[in-house]
Amino acid sequence: MPDAYQYAYYAADKQLNSLSVYNAGYERCHPGYQWGPGVRDHYLIHHIICGRGCYRMEGREYRLKAGDTFLLFPQVESSYRADDEDPWEYAWVGFAGNDAYAMIANTDFSMERPVLCQPDISKGLVARLQAIYNANGNTFQDAVCMTGALYSLMGFLMKHSKGGKKPADLQAAYVERAKQYVAEQYSYPITVEDVACFIGVSRSYLFRLFQGAMGQSPKEYLLEYRIRQACQLLNRADLPVGSIARSVGFEDNLYFSKVFKKYKGCTPSEYRGMQEEDGGIGYGKKEAKVTVPLL
């Protein structure tokens, strides 16, 4: 069996907001070598040159071989493992940026289909992955060259895409991805810029997407979501209002109260008092019920 090896580059700084290469390389793994389960903060494409292995994502398992390509998504738990008898050799690139989600959305990759089986384009993929690695370096010029090679790779995957996705489908996917991010991160002080950056679009484009799909701006959606979660927490008597504000992503208590009153017509303390009068807060009362207000 050939000896295992690894050639890898890891960027010290992400110098381009549009699309930045985080890492690139190629490796022949030891038998049974495994990464994960874990979560990445960027996209990571692996293309299998030879050998076999297994990729797991969200409870699904994929048995892979030479010519297959698999994608790890940001903030999604996954793992992969080389075969014990015929461990794989692969080339990879990790990347993120404002254009990343749009690039992926225009290929055949998706959360439901994180693996591509296209051995007929294997040579083209390997050549483009090699070009990304060969351009590595820590200067701004190197970063531009690596990103240029990455755009070439993504263009190649788009050219050979068979999915035929429609623009409307892509726009809906953007909105759903943004809503998922809000649901997972609302308790942190995230902004609309953070949401746009995560899904890989500009803030202005995200605004148009939400207006078209939701009839409101992404900022309004984020604030309403936080207030909805705050209402549920206010049904608990043991949580101070200040703690609730921080728990739903507000660092300023006064701003939290101002936003809450805008959407609910009363302050958080007044809202809690009304719930108490209605018997909706668990203060040790017998047969107390919890009600969840709807926006």
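As a reminder, the structure under discussion sits directly above these lines.
Note that the structure is a prediction, hence the values are computed from the model and not measured. (Residues numbered from 1 in each chain as written. Predicted model: local features only at pLDDT ≥ 70, side-chain atom pairs only at ≥ 80, totals over all residues. Heavy atoms only, no water.)

A. Region of the structure containing the overall build of the protein. Counting its secondary structure elements, the protein contains 10 helices and 10 strands. In the protein, 71% of the contacts between residues at least 6 apart in sequence involve partners at least 24 apart. With an accessible surface of roughly 14900 Å², the protein has 50% of that area assigned to carbon and sulfur atoms. (Helix = DSSP H or I, 4+ residues; strand = E, 2+ residues; numbered from the N terminus. Contact = heavy atoms within 4.5 Å. Areas by Shrake-Rupley, 256 points an atom, 1.4 Å probe, with all protein chains shown as cover.)

B. Structural detail: the side chain of Asp68. Inspection of the secondary structure puts Asp68 in strand β7 (residues 68-72). Here Asp68 falls in the buried class, since its relative accessible area comes to 2%. Contacts of Asp68, omitting those with residues within four sequence positions, involve His46, His47, Ile48, Arg63, Leu116 and Cys117. (Buried < 20%, exposed > 50% of the residue type's maximum accessible area, 1.4 Å probe, protein only.)

C. A look at the nonpolar core. Ranked by size, the top nonpolar core spans 84 residues in total, and within it Val93 and Phe95 carry the most contacts. For this core, the element with the most residues is helix α7 (residues 218-234), which contributes 8 residues. (Core = buried A, V, L, I, M, F, W, Y, C linked by side-chain atoms within 4.5 Å.)

D. The pattern of salt bridges, seen in detail. Per the counting criterion, the structure on display carries 10 salt bridges. Linking Glu89 and Arg28 is a salt bridge whose minimum nitrogen-to-oxygen distance equals 3.3 Å. One end of the pair, Glu89, is in strand β9 (residues 89-96); the other, Arg28, is in strand β2 (residues 20-28), and 61 residues separate them in sequence. Looking at Glu89, the relative accessible area reads 10%, which means it is buried. The partly exposed category is assigned to Arg28, whose relative accessible area is 22%. A salt bridge links Glu61 to Arg56; the nearest nitrogen and oxygen atoms lie 2.9 Å apart. Overall, Arg56 belongs to the partly exposed group, its relative accessible area being 32%. Overlapping salt bridges, with partners in common, bring together Arg52, Asp83 and Asp86 in one network. (Salt bridge = Lys/Arg side-chain N within 4 Å of Asp/Glu carboxyl O.)

E. Structural detail: the sheet that holds strand β4 (residues 43-50). Reading across the sheet, the 6 strands line up as β1-β2-β9-β4-β7-β10 and stay open at both edges, with antiparallel pairing between neighbours. The open sheet has two edge strands, β1 (5-10) and β10 (115-117), and neither has a second partner. When the angles between neighbouring strand axes are averaged without regard to direction, this sheet yields 10°. Relative to β10, β7 is paired through 3 bridges, and the arrangement is antiparallel. Within β10, the residue paired with Thr69 across the bridge is Leu116. Where helix α2 (residues 122-134) meets the sheet, its contacts fall on β1, β2, β4, β7 and β9, and the angle it forms with β2 comes to roughly 120°. The strands touched by helix α3 (residues 140-159) are β1, β2, β4, β9 and β10; relative to β2, the strand with the most contacts, the crossing angle is about 75°. (Pairing = 2+ DSSP bridges. Axes fitted to C-alpha atoms, helices over the stretch in contact; angles between N-to-C directions.)

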